[in-house]
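Residue-level structure breakdown
Chain by chain, the residues:
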Amino acid sequence: MQIATWNVNSARARQGRIVEFLQRTKVDVLAMQEIKCKPEQFPYEAFEAIGYKVLAHGLNQWNGVAFAYREDLVPEDVETSFYQQPEFKDVQEARAIGATFDGVRVWSIYVPNGRELDDPHMQYKLEFLDRLAATMAEQLEMDPSLEIALVGDFNVAPLDEDVYDLSMFETHVSQPERDAFEAFEQVGLIDKVRELVPNAYTYWDYKELCFPKNNGMRIDFMLTSEALTERITAATIERDERKGELPSDHVPVVFTLG
DNA sequence: ATGACTCGACTATCGAGA
């Protein structure tokens, strides 16, 4: 079984590339972020034509998360938010969708952008990360044998090497954001992909030739509970997906289970 | 060697992304 995560930056604009990726890799489950549409606007036909079904959660043209999964799989216990997921201005945004595939609990997560260190969105981001870690901790305390994959765009660069030039950044690398990210490790969610694919970026801004200059960031992660981590046999970061026509600014991250 | 952001929204600038 293969699971992937990809911030696609619009499911409609990217449908051709997403379908080609699925045909090429044949991943079983693809967790998407930034689908930028409502469920009724999702381009289901292109996915169904190649044997994939879709679960989408989106409120408007912002955010939005989804799963594409092989049509023989049956998603169970679908949730479109996590327990006490924070709101911004009384709106619970479409930033989380969870479903169990073949016994693996997969969450597609799009962590809010904090914008600036003193922006209200930064407090929202930190609360979002805190609540998410607390929810995962509660579930793993009840059953440490759970196979959980918490994947998506975390909008945090945990290590200095995860950005091309530390002096260019204030957000994504701040200590509060890094502390909030480290909480996942403390509750038992492990970044096995980093061990298998060190020194790689997952995002390059569209602006200022960032990709040709390799001015990137590592902000997309696949965190796994201990039971699931033990099953991971391989991982890739699909850097070539940043090339060519109409790329997303993020690339897919993939792991394989034995 | 060059390039020099993209998407979706009340289609025309603008918010959002990081």
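A brief look at the structure comes next. (Residues numbered from 1 in each chain as written. Chains lettered and ligands numbered in written order. Predicted model: local features only at pLDDT ≥ 70, side-chain atom pairs only at ≥ 80, totals over all residues. Heavy atoms only, no water.)

With respect to the pattern of salt bridges
- Under the counting rule described, the total for this entry stands at 15 salt bridges.
- Its salt-bridge partner being R194, residue D191 comes within 3.7 Å of it at the nearest N-O pair. Each member of the pair, D191 as well as R194, carries the same accessibility label: buried.
- For E195, the salt bridge is made with K192, and the minimal N-O distance between the two is 3.0 Å. With a gap of three residues between them, E195 and K192 both fall in helix α5 (residues 192–196), about one helical turn apart. (Salt bridge = Lys/Arg side-chain N within 4 Å of Asp/Glu carboxyl O. Buried < 20%, exposed > 50% of the residue type's maximum accessible area, 1.4 Å probe, protein only. Helix = DSSP H or I, 4+ residues; strand = E, 2+ residues; numbered from the N terminus.)

Observations concerning the environment of L129
- For L129, the location among the structural elements is in helix α3 (residues 120–142).
- When its relative accessible area of 0% is taken as the criterion, L129 is described as buried.
- For the pair L129 and Q85, spaced 44 residues apart in sequence, the C-alpha to C-alpha distance is 9.2 Å.
- Here L129 is in contact with V111, F154, V156, A180 and F184, once residues within four sequence places are set aside. (Contact = heavy atoms within 4.5 Å.)

Notes on the packing of aromatic side chains
- Considering all chains together, one arrives at 15 aromatic pairs under this definition.
- Here F42 and F47 contribute two aromatic rings whose centre-to-centre distance is 5.3 Å and whose plane-to-plane angle is 50°, an arrangement assigned as tilted. When sorted by exposure, F42 lands in the same class as F47, which is buried.
- Both rings, one in F154 and one in F221, keep their centres 6.1 Å apart while their planes meet at 65°; by these two values the pair is edge-to-face. With F154 in the loop between β8 (148–153) and α4 (175–186) and F221 in strand β11 (residues 220–224), this residue pair connects regions lying 67 residues apart in the sequence.
- The class of F221 is buried, set by a relative accessible area of 1%.
- The ring of Y110 is capped by R95, whose NZ or CZ atom sits 4.8 Å from the centre of that ring. (Phe/Tyr/Trp six-rings, centres within 6.5 Å; stacked < 30°, edge-to-face > 60°. Lys NZ or Arg CZ within 6 Å of the ring centre and 35° of its normal.)

Details of the pairing of strand β1 (residues 2–7)
- In terms of residue burial, β1 counts as a mostly covered element, since five of its six residues are buried.
- Bridging between β1 and strand β13 (residues 253–257) involves four bridges; their strand directions are antiparallel. Within β13, the position partnered with T5 by the bridge is V253.
- Pairing geometry for β1 and strand β2 (residues 29–33), over five bridges, is parallel. (Pairing = 2+ DSSP bridges.)

Details of the side chain of N63
- Assignment of secondary structure puts N63 in the loop between β3 (52–57) and β4 (65–70).
- Reaching out from N63, the side chain makes a polar contact with the side chain of R95 at a distance of 2.9 Å.
- For N63, the contacting residues outside a window of four places in its chain are E34, I35, K36, E93, A94, R95 and Y110. (Polar contact = N/O pair within 3.5 Å; in protein donor to acceptor, adjacent residues only side chain to side chain.)

Examining the nonpolar core
- Of all hydrophobic cores here, the largest spans 31 residues; its most connected members are I3, F67, F101, V193 and F255.
- Taken together, the elements giving at least two residues each to this core come down to β2, β4, β6 (96–101), β7 (104–110), β8, β12 (232–237) and β13.
- A96, F154, V156 and A180 belong to the second largest nonpolar core, which has 24 residues in total. (Core = buried A, V, L, I, M, F, W, Y, C linked by side-chain atoms within 4.5 Å.)

Description of the sheet that holds β8
- Here five strands make up an open sheet; going across it, the order is β5-β6-β7-β8-β11 and the pairing mixed. This sheet does not close on itself; its edge strands, each paired only once, are β5 (76–79) and β11. Sheet twist, expressed as the mean angle between neighbouring strand axes with direction ignored, is 10°.
- The pairing of β5 with β6 spans two bridges and is classified as antiparallel. Bridge pairing in β6 links E76 to T100.
- Seen against the sheet, α3 touches β7 and β8 and runs at an angle of roughly 170° to β8. (Axes fitted to C-alpha atoms, helices over the stretch in contact; angles between N-to-C directions.)

Concerning the protein's contact with DNA strand B
- Contacts to DNA strand B come from 27 residues, most closely from S10, N113, N155, H172 and M217.
- Within 4 Å of the protein, the atoms of DNA strand B are drawn from sugar and phosphate moieties in a proportion of 68%.
- A distance of 2.4 Å is found between a phosphate oxygen of DNA strand B and a side-chain nitrogen or oxygen belonging to S10.
- With respect to DNA strand B, the backbone of K207 contributes an N or O atom lying 3.5 Å from a sugar or linking oxygen.
- Among the residues making up the surface near DNA strand B, the classes are represented as 10 nonpolar, eight polar and nine charged. (Near = heavy atom within 4 Å. Nonpolar A, V, L, I, M, F, W, Y, C, P; charged D, E, K, R; others polar.)

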